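Spelled out, the chains give:
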Amino acid sequence: MNRNASAPSASVAAGAAARPSGWRLAVPLSLVLLLAVLAALPSFAPYFYIFVVTEILIMGLFAASFNLIFGYTGMLSFGHAAFFGMGAYTTAMLLLHVELPLVWALLASMATAALLALVIGFLSVRLSEVYFAMLTLAFGMMVYAVAHQWRSLTNGSDGITGFLLRDFGLGLDLQLADPAVYYRVVLAVVAIAAAVLYLITRSSFGLMLRAISENPERVAFCGIDVRRHRLAAFVIAGLFAGLAGALFAPFNRVASPDMLHWSQSAEPVLMTILGGAGYFLGPFFGAAMFVLLETWITSYTEHWMLFLGIALALLVMFFRRGVLGTLLDRMLRR
Amino acid sequence: MTEPILSVTGLGKAFGGVRAVDGVSLEVMPRETVALIGPNGAGKTTFYNMISGRMKPSSGRVRFQGRDITGLPPHAISRLGVSRSFQINNVFTELTARENVEVALTALHGRAFSLFRPASRDRRLLAEADAVLERLGLRPLADTRAGVLSYGDKRLLEIAIVLATRPKLVLLDEPTAGMTPEETRHVTRLIRGLAETGEYTFLITEHDMNVVFDLADRIVVMHRGRLLAQGTPEQIRSDRAVREAYLGEEESA
């Protein structure tokens, strides 16, 4: 063996200390358990909680789509709400004007959001770091302005309302107007979308993204077109944000400019940092904490923004890698 | 007469008024090992940056296997078969050693847009990555996060990434920088072994003259952005201009 004297015992030790094999089963098992509990939720929880958990799932998908470009690719976008809103408007308008089954509206929303992401991404991904963040913020505000001003199409600040949820499509007989049924549809769609996103993060493409987030230049010298990969990640993230928005419009019975506002773009950023960008489920965890905190604090005081801010600041200060991230790090001793 | 694998003519780069590289012409033949030496600030790294696409030259052309590659982006030049290492460690610290190599292999095999196939199930890629690691003696550390590797192992991993792109021309920028004497001997042996396979052409910058005289078929001396001399190690050793450039004045980057 040609390992020389200075070959570090530390390297070997750290390699050997990879996660204990017991965890390999623990994660999928607890996920299955969690999904089972979530699926059964309507049979024992009051409607209030069904609404809360529906929102958590939708916002979790929104945040997880954001984390594909933030945590995995290393690009901080401040305009992610543009795609969420695009999905919401597409679904609301299709349900209102064309009366499509929901599943087709969802797919159409993914397509329009991806298309918008392709345009914004094409112009943004060439820039790095803070310039990328500013440019996505600027594009996000432009999309907001269009939705706000183009009254004939978007109905301005009132947004698109009055659409009805008919059938889901695919021959499924679902009473979507029932919040419990809609909740289960959201759960199924979000679970499938999350599984696809997860698969992408584990693929060769996902490996390229992780490498790009750390050292884009080195990746280029390995023969990889970094810009095309950034753009592809941006479009995929936009597509899933569009799906989240498309689920959100029927849930809220409205698609309004608020959903495109820059403050809406801040939410996935906060949720992801709160939960932990280093783990796939971090953004979902962050979304749950965010929505629960918001719900809980608003029930006590109308100054909820102040207290939410304090709670978020403390959590970010004491859980540097996000709450889920820090807890898992500790359990797995990474 | 065989064609040179790399042919550089009148290559120049000016930063403001400073000519970091000033009209350098150089030919490298296939399977040759050429050492590029010179004091700090001589323009060696800038020269590398222009060949590998990191910087666009202000003047001159770069031809690789007869094809003009001047000003192509780094990923395109890498795909044609020119790969470089870096003076400082430039590995992906958050990835394992094997994943570091996989990044290069993925590009090579056109899997970079393989969206749904788990990278960890790509047997062919994994086997190939392990073979590259084996070649550098890094196989036992394949699952170790690169960030916790020792300095010397990181330097080796850097070379592993370069080799994984299956280059024809390898640009090594001070491969033994910061290494212990023993690590330096190890890397020198390794590079000689690779050169003897006849698969690669090496262009190496290096400060350690032992390494240079040990490896090089030909030595090229740069000084203040220009080519000062070139020749066999014996010729360079006895060249007066070279001695003066090195001994007469000390300059720093």
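Small disclaimer: the values here were computed from a predicted structure and weren't measured.

Asker: So, the environment of Val 220 of chain B: which residues are in play, and what are the values?
Answerer: Residues and elements named next belong to chain B. Its place among the elements puts Val 220 in strand E9 (residues 218-223). Overall, the relative accessible area of 0% leaves Val 220 in the buried class. Sequence separation between Val 220 and Gln 230 is 10 residues; the distance between their C-alpha atoms is 4.3 Å. The contacts of Val 220, once residues within four sequence positions are left out, are Leu 26, Val 34, Ala 35, Leu 36, Ile 37, Leu 227, Ala 229 and Gln 230.

Asker: Which residues make up the interface of chain B and chain A, and what values do they have?
Answerer: Counting residues at the interface gives 47 residues for chain B, matched by 38 residues for chain A. Summed over both partners, the interface of chain B with chain A comes to about 3,700 Å²; 61% of that surface belongs to carbon and sulfur atoms. Summed over the three residues of chain B that lose the most area to chain A, namely Phe 92, Phe 113 and Leu 115 of chain B, the buried surface amounts to 15% of that side. Our count for the contact surface shared by chain B and chain A stands at 3 salt bridges. As a salt-bridge pair, Arg 218 of chain A and Glu 158 of chain B come within 3.2 Å of each other at their nearest N and O atoms. Between the two partners, chain B and chain A, sit 15 residue pairs in polar contact (both at pLDDT 80 or more).

Asker: Which residues make up the sheet that holds strand E5 (residues 67-68) of chain B, and what values do they have?
Answerer: Residue and element names in this part refer to chain B. With respect to topology, 4 strands assemble into an open sheet ordered E2-E1-E4-E5, the strand pairing being antiparallel. Every other strand in the sheet has two partners, leaving strand E2 (18-28) and E5 as the edge strands with one partner each. Across 7 bridges, strand E1 (residues 6-15) lies against E2 in antiparallel orientation. Bridge pairing links Ser 7 to Glu 27 in E2.

Asker: Provide a residue-level description of the nonpolar core, including the pertinent values.
Answerer: Phe 83, Leu 102 and Phe 234 of chain A are the most contacted members of the largest nonpolar core, which has 98 residues in total. If one sorts the elements of this core by residue count, helix H11 (residues 226-252) of chain A sits on top with 16 residues. Counting residues in each nonpolar core, the second largest holds 49 residues, with Val 132, Leu 149, Ile 161 and Ile 204 of chain B among its members.

Asker: If you had to explain the pairing of E1 of chain B to someone new, which residues and values would you point to?
Answerer: All names here are of chain B. Linking E1 to E2, which pair antiparallel, is a turn of 2 residues; within it Gly 16 sits at a positive phi near 65 degrees. Where E1 lies against strand E4 (residues 59-64), 5 bridges are found, and the strand directions are antiparallel. Its bridge partner being in E4, Leu 6 is matched across the sheet by Phe 64.

Asker: Describe in detail the confidence of the model for chain A, supporting the description with residues and values.
Answerer: The pLDDT averaged across chain A works out to 87; a share of 93% of its residues lies at or above 70. Here residues 1-19 of chain A is a poorly scored stretch, pLDDT under 50, and it has 27 contacts once near neighbours within four places are set aside; other chains count.

Asker: Can you break down the confidence of the model for chain B residue by residue, with the values?
Answerer: All names here are of chain B. Considering every residue of chain B, the mean pLDDT works out to 89; 96% of them sit at 70 or more. Predicted confidence for residues 249-253 stays below pLDDT 50, and this span has 10 contacts to residues more than four positions away or in other chains. Scored by ipTM, the complex comes to 0.87, with pTM at 0.87.

Asker: With reference to specific residues and values, describe the pattern of salt bridges.
Answerer: Residue and element names in this part refer to chain B. Considering all chains together, one arrives at 18 salt bridges over all chains under this definition. Residues Asp 173 and Arg 84 are paired through a salt bridge, measuring 3.8 Å at the closest nitrogen-oxygen approach. Within this pair, whereas Asp 173 is found in strand E7 (residues 169-173), its partner Arg 84 is found in strand E6 (residues 82-84), the two being separated by 89 residues in sequence. Like Arg 84, Asp 173 is buried.

Asker: For the packing of aromatic side chains, give the residues involved together with the corresponding values.
Answerer: Tallying each qualifying case throughout the model produces 13 aromatic pairs over all chains. Aromatic side chains Tyr 47 of chain A and Phe 51 of chain A sit 6.5 Å apart centroid to centroid with 40 degrees between the ring planes, which places their arrangement in the tilted category. Separated by 4 residues within a single helix, Tyr 47 of chain A and Phe 51 of chain A lie in helix H3 (residues 47-72), roughly one turn from each other. Judged by relative accessible area, which is 38%, Phe 51 of chain A ranks as partly exposed. A ring pair is formed by Phe 248 of chain A and Phe 251 of chain A, whose centres lie 6.0 Å apart and whose planes are at 45 degrees; its orientation type is tilted. Note that Phe 248 of chain A and Phe 251 of chain A are positioned in helix H11 at a spacing of 3 residues, about one turn of the helix. Take Phe 251 of chain A: its relative accessible area is 15%, and that puts it in the buried class. Three or more aromatic residues joined by ring pairs form one cluster here, namely Tyr 47, Phe 51, Phe 62, Phe 84, Phe 248 and Phe 251 of chain A. A cation over an aromatic ring shows up here: Arg 84 of chain B above the ring of Phe 86 of chain B, its NZ or CZ 4.4 Å from the ring centre.

Asker: Run through the sheet that holds E9 of chain B, naming residues and quoting values.
Answerer: Residues and elements named next belong to chain B. With mixed pairing, 6 strands are arranged side by side in an open sheet as E6-E7-E8-E3-E9-E10. Of all the strands in the sheet, just E6 and strand E10 (226-231) have a single pairing partner and so form its edges. Averaged over all pairs of adjacent strands, the angle between their axes in this sheet comes to 20 degrees, without regard to strand direction. Where strand E3 (residues 33-37) lies against E9, 4 bridges are found, and the strand directions are parallel. Bridge assignment links Val 34 to a residue of E9, and that residue is Arg 218. Contacting E3, E7 and strand E8 (201-205), helix H6 (residues 181-196) runs over the sheet at an angle of about 155 degrees to E8.

Calculation criteria
- Residues numbered from 1 in each chain as written.
- Chains lettered and ligands numbered in written order.
- Predicted model: local features only at pLDDT ≥ 70, side-chain atom pairs only at ≥ 80, totals over all residues.
- Heavy atoms only, no water.
- Helix = DSSP H or I, 4+ residues; strand = E, 2+ residues; numbered from the N terminus.
- Buried < 20%, exposed > 50% of the residue type's maximum accessible area, 1.4 Å probe, protein only.
- Contact = heavy atoms within 4.5 Å.
- Buried area = accessible area lost by both parts, 1.4 Å probe.
- Salt bridge = Lys/Arg side-chain N within 4 Å of Asp/Glu carboxyl O.
- Polar contact = N/O pair within 3.5 Å; in protein donor to acceptor, adjacent residues only side chain to side chain.
- Pairing = 2+ DSSP bridges.
- Core = buried A, V, L, I, M, F, W, Y, C linked by side-chain atoms within 4.5 Å.
- pLDDT = per-residue confidence, 0-100.
- Phe/Tyr/Trp six-rings, centres within 6.5 Å; stacked < 30°, edge-to-face > 60°.
- Lys NZ or Arg CZ within 6 Å of the ring centre and 35° of its normal.
- Axes fitted to C-alpha atoms, helices over the stretch in contact; angles between N-to-C directions.

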